[in-house]
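One letter stands for each residue in the lines below.
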Amino acid sequence: MSEQRFIIEMGMGNDQYGQDYTKAAARAIEDAIRHSSIPMFASLGKDSKEMRVQVTVGVQAPEEVDCDALVKNLPRGCAAVKAVFGGMNVTNPDDGNVLVIASAAVEAFLPKQG
């Protein structure tokens, strides 16, 4: 069955002191979905469980992202999270602290109608 993407949201998150890529990714995902509301489920009499959610997070160390933990925080749909190389690390020259910046794209799909 083919699908149709009906929403894409982008977000950015960071971890300023812990160099925690999962935390930065979680904040980027939250930023992407924080302002979204999808009233169409109630309007069309659809169940949000029909929705497939695909999240792509970009960080400098994708192997350090706990994608399963991020899936558990997504509020609706059948979700999957993939970490890829992206984002940015910024080092404070005064103390060597590394600021981790993640970017996220949250896409939602439904089966194509008729």
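For the structure itself, look to the data block above.
Here, residues in each chain are numbered from 1, in the same order as that chain's written sequence. The model is predicted, so local features are restricted to residues of pLDDT at least 70 and side-chain atom pairs to those at 80 or more, both for listing and for counting; the totals for chains, interfaces and linings are taken over all residues. Hydrogens and water are ignored here; the side-chain numbers use all heavy atoms of the structure.

Colleague: Would you mind going over the nonpolar core in detail, with residue names and values included?
Modeller: Put simply, buried Ala, Val, Leu, Ile, Met, Phe, Trp, Tyr and Cys residues joined by side-chain atoms within 4.5 Å make one nonpolar core. Under the scheme applied here, a residue whose accessible area is under 20% of the maximum for its type counts as buried, over 50% as exposed, and between as partly exposed, the area being computed with a 1.4 Å probe on protein chains only. Ile29, Val55, Val57, Val65 and Val81 are the most contacted members of the largest nonpolar core, which totals 25 residues. Where helices and strands are cited, they refer to DSSP runs of H or I of at least four residues and of E of at least two residues respectively, numbered from the N terminus. Every element with two or more residues in this core is listed here: helix 1 (21-33), strand 2 (52-59), helix 3 (67-72) and strand 5 (98-111). Only heavy atoms enter the contact rule, under which two residues are in contact if any of them lie within 4.5 Å. Among all residues touching Val57, those that are not within four sequence positions of it are Ala25, Ile29, Val65, Val81, Lys82, Ala83, Val84, Ser103 and Ala104.

Colleague: Please give an account of the pattern of salt bridges that cites residues and values.
Modeller: For this analysis, a salt bridge means a side-chain nitrogen from Lys or Arg found within 4 Å of a carboxyl oxygen belonging to Asp or Glu. On inspection of all chains with the given rule, the structure shows four salt bridges. In this structure, Glu50 engages Lys46 in a salt bridge whose closest nitrogen and oxygen atoms are separated by 3.7 Å. Overall, the relative accessible area of 39% leaves Glu50 in the partly exposed class.

Colleague: Let's hear about unusual backbone geometry: which residues, and what values?
Modeller: It is generally the case that most residues other than glycine have a negative phi and that most peptide bonds are trans. If you check the backbone angles, Gln19 has positive phi at about 50 degrees while not being a glycine. Mapped onto the fold, Gln19 is located in the loop between strand 1 (3-15) and helix 1. Relative accessible area serves as the criterion here: at 41%, Gln19 is assigned to the partly exposed category.

Colleague: Please give an account of the side chain of Glu107 that cites residues and values.
Modeller: Looking at the element boundaries, Glu107 is found in strand 5. By relative accessible area, which is 15% here, Glu107 ends up buried. A distance of 2.6 Å separates a polar atom in the side chain of Glu107 from a polar atom in the side chain of Arg5. Counted as a polar contact is a pair of N or O atoms within 3.5 Å, where, for protein atoms, one must be capable of donating a hydrogen and the other of accepting one, and residues adjacent in sequence contribute only when both atoms are in side chains.

Colleague: Which residues make up the pairing of strand 5, and what values go with them?
Modeller: Among the 14 residues in strand 5, eleven count as buried, and that is most of the element. Strand pairing is assigned whenever DSSP detects at least two bridges linking the two strands. Strand direction decides the pairing type here: strand 1 and strand 5, joined by twelve bridges, are antiparallel. Along strand 5, the bridge assignment pairs Asp15 with Val100. For strand 2 and strand 5, the ladder comprises seven bridges, and the chain directions are antiparallel. Bridge assignment links Thr56 to a residue of strand 5, and that residue is Ala105. As consecutive antiparallel partners, strand 4 (residues 88-91) and strand 5 are separated by six residues, and within that stretch Gly96 has a phi angle of approximately 80 degrees, a positive value.

Colleague: Quick one: what's the story with helix 1, residue by residue and with numbers?
Modeller: What a helix is expected to span follows from its residue count: subtract one and scale by 1.5 Å. Look at helix 1: 19 Å from first C-alpha to last across 13 residues, which is about the 18 Å you get at 1.5 Å a residue. Listing the buried residues of helix 1 in full gives Tyr21, Thr22, Ala24, Ala25, Ala28, Ile29 and Ala32. Considered in projection along helix 1, the buried side chains sweep an arc of 160 degrees and stay on one side of the axis. For helix 1, the capping residue at the N-terminal end is Asp20, with a side-chain oxygen 3.0 Å from the backbone nitrogen of Thr22. Summarising the geometry, the arc corresponds to the directions from the helix axis toward the C-beta atoms.

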